[in-house]
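# Structure assessment
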Amino acid sequence: MTPTQWTYLIFGIVVTVALIFDLGLLSKKNEQMTIKKALVQTCFWVSLSLLFFGFIWYEDGQESAIAYLSAYLMEWSLSIDNIFVFILIFGYFKIKEESYARVLLIGILMAIVFRAIFISLGVVLIHKFEWILYIFGLFLVYTGVKMFNAKEEDEFNPQDNLALKFISKYMRWTTEDPQGKFLIKRSGKTYLTTLSVVVVMLAFTDIVFALDSIPAVFAISQDPMVVFTSNIFAVLGLRSLFFLLRGAVDKFDYLPQGIAIVLVFIGLKMLAEYFIHIPVYVSLIVIVVCLGGSILYSLYHDKKELPKGQVK
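Quick look at the structure, then. (Residues numbered from 1 in each chain as written. Predicted model: local features only at pLDDT ≥ 70, side-chain atom pairs only at ≥ 80, totals over all residues. Heavy atoms only, no water.)

## Focus: the environment of Leu164
When you line up the elements, Leu164 lands in helix 6 (residues 162–170). Leu164 sits 33 residues away from Val197 along the chain, and the two C-alpha atoms are 7.2 Å apart. (Helix = DSSP H or I, 4+ residues; strand = E, 2+ residues; numbered from the N terminus.)

Below, the structure written as structure tokens:
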């Protein structure tokens with residue numbers, strides 16, 4: 001077997017065993033997730049991702065390993081924006097906390113399937129039409145500038161979600177208490193519950209985020225193995241990260257600006273690739289400095305105006 005085939009095989013085995021371990025030992029049906037358990041699971045997925053980074057370094061070399069780590073950090077940071085949207089969706093539909101873990105799991109598994117399709121499509125397009133990388137670059141620059149200048153009133157509104165509009169128009173669903181069920185029958189008709197609607201919205205939301213993140217990863221590396229494994233590891237850790245950060249996600253006020261700068265840099269790097277080659281380790285340094293700097297700055301500077309007497 002080639003080194004790349006070995007990497008895919010090990011990746012598949014690791015992810016399968018990790019999912020069994022995570023779902024079987026660290027998670028129980030309808031059990032509320034504590035901060036302690038969320039921290040354990042987050043450390044578990046991050047450690048696994050870093051161990052895989054070491055394996056890639058050993059099996060495929062330094063450049064592939066650094067590209068993987070850069071892509072993973074890019075995806076991981078964008079996950080925090082995902083979490084903020086997830087919180088709004090759960091709150092809008094008044095989902096009970098004991099259902100969070102199961103709904104998140106199904107939504108994330110659906111997102112993984114869609115991401116695998118997008119990545120495969122991206123690989124084919126880049127292979128046949130190399131010039132599409134420049135379109136990706138322009139798109140990333142545009143997205144980064146738009147994100148940097150985004151205003152508070154532009155924040156996600158569940159009512160405007162295309163998935164919800166589609167379900168409301170073409171499918172039967174009910175807002176009554178789902179009692180842990182995804183489908184219920186009334187008068188001989190089957191209705192989707194709010195749990196099913198939320199699952200679809202979570203998957204759709206991740207697809208929207210993937211339209212930014214996957215081109216960004218292709219700017220770091222066009223190696224399908226690097227793109228696929230970094231994406232999947234970042235998404236698999238999203239559930240535990242949600243429970244760990246849901247009470248503190250609003251403290252990262254300036255993280256979107258940090259992500260925006262990274263997206264602009266990566267977009268410009270992609271556009272300038274024909275004239276100058278920027279080593280992948282430079283991308284890693286920019287990602288770490290911008291994301292780390294924006295998080296630290298957020299912790300010591302208030303951005304949003306809060307009512308008097310309210311503590312952030």
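So that's the structure; there's more coming.
## Some words on the side chain of Thr174
Here Thr174 lies in the loop between helix 6 and strand 1 (183–186). Among the polar contacts made by the side chain of Thr174, one reaches the main-chain amide nitrogen of Glu176 at a distance of 3.2 Å. The residues touching Thr174, leaving out its near neighbours within four places in the chain, are Ile184, Tyr191, Leu192, Thr193 and Thr194. (Polar contact = N/O pair within 3.5 Å; in protein donor to acceptor, adjacent residues only side chain to side chain. Contact = heavy atoms within 4.5 Å.)

## Comments concerning the layout of surface pockets
Estimated volume of the second largest pocket: approximately 370 Å³. If you go around the second largest pocket, you meet 20 residues; those closest to its centre are Ala219, Ile220, Gln222, Lys269 and Glu273. Listing elements by their share of the lining of the second largest pocket, those giving two or more residues are helix 3 (62–92), helix 5 (132–148), helix 7 (194–220) and helix 10 (255–271). Class assignment of the residues belonging to the lining of the second largest pocket gives a composition of eleven nonpolar, four polar and five charged. (1 Å grid on protein atoms, 1.4 Å probe; cavity = no way out; pocket = protein on both sides within 12 Å on 5 of 7 lines; lining within 4 Å. Points joined across faces, edges and corners; volume = space filled by probe spheres on them. Nonpolar A, V, L, I, M, F, W, Y, C, P; charged D, E, K, R; others polar.)

## Here we look at the pairing of strand 1
In this sheet, strand 2 (residues 189–192) lies alongside strand 1 in antiparallel orientation, the contact comprising four bridges. Each bridged residue has a counterpart across the sheet, and for Leu183 the counterpart in strand 2 is Leu192. The hairpin turn running from strand 1 into strand 2, its antiparallel successor, is two residues long, and Ser187 in that turn takes a positive phi close to 55°. (Pairing = 2+ DSSP bridges.)

## Overview of the side chain of Ser294
Looking at the secondary structure, you find Ser294 in helix 11 (residues 280–300). Separated by 2.9 Å, the side chain of Ser294 and the backbone oxygen of Leu291 make a polar contact. Contacts of Ser294, omitting those with residues within four sequence positions, involve Tyr254, Leu255 and Gly258.

## Observations regarding the packing of helix 6 against helix 7
Running from N to C, helix 6 and helix 7 point in directions that differ by 140°, and their axes come no closer than 9 Å. With respect to helix 7, the element helix 6 is oriented oblique. At the point where helix 6 passes helix 7, the crossing takes the right-handed sense. Across from Leu162, Ala163, Leu164 and Ile167 in helix 6, the residues of helix 7 making contact are Val197, Val200, Met201 and Phe204. Of the residues belonging to the contact of helix 6 with helix 7, the class tally is eight nonpolar, no polar and no charged. (Axes fitted to C-alpha atoms, helices over the stretch in contact; angles between N-to-C directions. Parallel < 35°, antiparallel > 145°, perpendicular 65-115°, else oblique. Left-handed = near helix turned anticlockwise from the far one by under 90°.)

## Points about the packing of helix 7 against helix 8 (residues 224–236)
Across the interface, helix 7 lies against helix 8 with an axial gap of 9 Å and an inter-helix angle of 140°. The angle between helix 7 and helix 8 places the two elements in the oblique class. Helix-helix and strand crossings are classified by hand; for helix 7 and helix 8 the assignment is right-handed. Residues Ile214, Val217 and Phe218 of helix 7 lie in contact with helix 8, whose contacting residues are Val227, Ser230 and Asn231.

## Notes on the packing of aromatic side chains
Counted according to the given criterion, the structure contains 18 aromatic pairs. Between Phe90 and Phe242, the ring centres sit 5.5 Å apart and the planes meet at 55°, which makes this aromatic pair tilted. Placement of Phe90 in helix 3 and of Phe242 in helix 9 (residues 238–245) is noted, with a sequence separation of 152 residues between them. Each member of the pair, Phe90 as well as Phe242, carries the same accessibility label: buried. Here the aromatic rings of Tyr100 and Phe243 are separated by 6.4 Å at their centres, their planes lie at 35°, and the arrangement is tilted. Of the two residues, Tyr100 is situated in helix 4 (residues 100–128) and Phe243 in helix 9; the sequence distance between them amounts to 143 residues. What links up through ring pairs into an aromatic cluster is the set Phe11, Phe52, Phe55, Tyr68, Tyr72, Phe228 and Phe233. We note Arg172 situated over the ring of Tyr191; from NZ or CZ to the ring centre the distance is 5.8 Å. (Phe/Tyr/Trp six-rings, centres within 6.5 Å; stacked < 30°, edge-to-face > 60°. Buried < 20%, exposed > 50% of the residue type's maximum accessible area, 1.4 Å probe, protein only. Lys NZ or Arg CZ within 6 Å of the ring centre and 35° of its normal.)

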